[in-house]
Amino acid sequence: MPISVVIITLNEEENIGACLESVKDWVDEIFLVDSGSTDKTLGIAKNYTDKICFHKFENFAKQRNWAQDNLPITNEWVLHLDADERISPGLAQSLEKFFSSGTDVDGVMAPRRTIFRGKWIRFGGHYPVYQLRLFKKNKGRSEERFYDQNYIVKGNTIKILGDIINVINPDLNEWKDRHRRWAVLEAREIIDNKSRLMNMDLKGNPIERKNWLRYNIYYKSPLFLRAILYYFYRYILRLGFLDGVQGFVFHFWQGLWYRILVDKEIYKLNKARIAR
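So, here is what we can say about the structure in this document. Remember, predicted model here, so these are calculated numbers, not experimental data. (Residues numbered from 1 in each chain as written. Predicted model: local features only at pLDDT ≥ 70, side-chain atom pairs only at ≥ 80, totals over all residues. Heavy atoms only, no water.)

### Focus: the nonpolar core
At step 1: In terms of nonpolar packing, the biggest core is built from 27 residues, with V5, I7, W26 and L81 touching the most fellow members.
At step 2: Counting residues per element, the ones that place at least two in this core are β1 (3-9), α1 (16-21), β2 (29-34), β4 (77-82), α4 (89-101) and β6 (107-116).
At step 3: Here this core gets 4 residues from one element, more than from any other, and that element is α4.
At step 4: Setting aside chain neighbours within four positions, we find I7 in contact with I16, C19, L20, I30, F31, L32, V33, L81, D82 and A83.
At step 5: Among the nonpolar cores identified, the runner-up in size contains 23 residues, and I190, Y218, Y235 and I266 belong to it. (Core = buried A, V, L, I, M, F, W, Y, C linked by side-chain atoms within 4.5 Å. Buried < 20%, exposed > 50% of the residue type's maximum accessible area, 1.4 Å probe, protein only. Helix = DSSP H or I, 4+ residues; strand = E, 2+ residues; numbered from the N terminus. Contact = heavy atoms within 4.5 Å.)

Set out below in C-alpha cells:
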C-alpha cells in the first residue's frame, strides 16, 4: 500500500521487532527515527529497513513533526507508530479495502487496544479509544503539546475497523518513573501551555470530544477530588473491575495514582506562581 511508516525509538529492543513485523509485508517504506539507542534496537531494525536516522529528542511532538518535515517520505500517506504498538491483521485488511475503494478523505482513525501484562484492557472506558495516525503527509501534524499529543488533520477523516495494539509489559518501578515525568509535563501543559490546547470540539470526532471533556469538565473540577471521582467512574461505573487483576493494577496506577500526581504538580506550580 502507498504508505510510509515512521517509528520513533529509544532503547526499544523488546518491542521494535514485533512492531516492524506487523507492517513489513504491506507498507511501501519504513523510517526509524532514533534518539540514541544503546541496546539492540538498531540492529533489529536493520533487518527490516535501511531508512534509519538519528535526531535528538526534545519531546514527542517536536520529534514527530521533525520526522514529518525532514524525512524523504515518498508516499502521499504517512503512518506514525510508537515502538510498542502493532497493527492488527484486521486493521491491515481494512486499510487494503480503504485504498482499493478510492475513498476521498485526508485521515483515518482506528481504535487502540491496550494489552497490559498480557491482558486486553477492554473496560473502564479504555476501549475503543480512537487514534489518528494515518493521514496525507501534507494534511497532518502533531499538536505542539508537552504531553499526550494527538495529530491534527486539516480535512475529512473517517473511522475504520481493526486495532492499533499497544503492548505494555513494564517493570512497575520503571512505569511509575515514566508516569512521574509525564505528570510534570501534563501539569505544565495545563498551567503554562493553555494557548496551544486546540483540537477540542464536543460535537467533533472522538479525539476532539475527549479533549473537550478533559479540558472543559475534568480540569475545571476541584483538585484531587476529580481524580477520585474519575477513578470511581472508570473502575466502577465503566466496569473496569471486569479487567481482572491486571486491570486493577492498570486502572489504579493510570486512572487514580497518576491523576493524583498530575494534580500534585498543578498544585505546586500554582503555589509557586502565587509566591512570585
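### Here we look at empty space enclosed by the protein
At step 1: Counted by the stated rule, this structure contains 2 cavities of 30 Å³ or more.
At step 2: Taken as a whole, the largest cavity encloses approximately 80 Å³ of empty space.
At step 3: As for the largest cavity, its lining consists of L79, I87, L91, L95, V108, M109, A110, Q131, R133, L134, I160 and I164.
At step 4: Secondary structure elements with two or more residues in the lining of the largest cavity: α4, β6 and β8 (129-136).
At step 5: In the lining of the largest cavity, the residues fall into 10 nonpolar, 1 polar and 1 charged.
At step 6: By volume, the second largest cavity amounts to about 40 Å³.
At step 7: The wall of the second largest cavity is formed by V6, I8, R64, H80, L81, D82 and R133.
At step 8: Elements with a minimum of two residues in the lining of the second largest cavity: β1 and β4. (1 Å grid on protein atoms, 1.4 Å probe; cavity = no way out; pocket = protein on both sides within 12 Å on 5 of 7 lines; lining within 4 Å. Points joined across faces, edges and corners; volume = space filled by probe spheres on them. Nonpolar A, V, L, I, M, F, W, Y, C, P; charged D, E, K, R; others polar.)

So, to be careful, I would describe these as geometric facts and stop short of saying anything about function.
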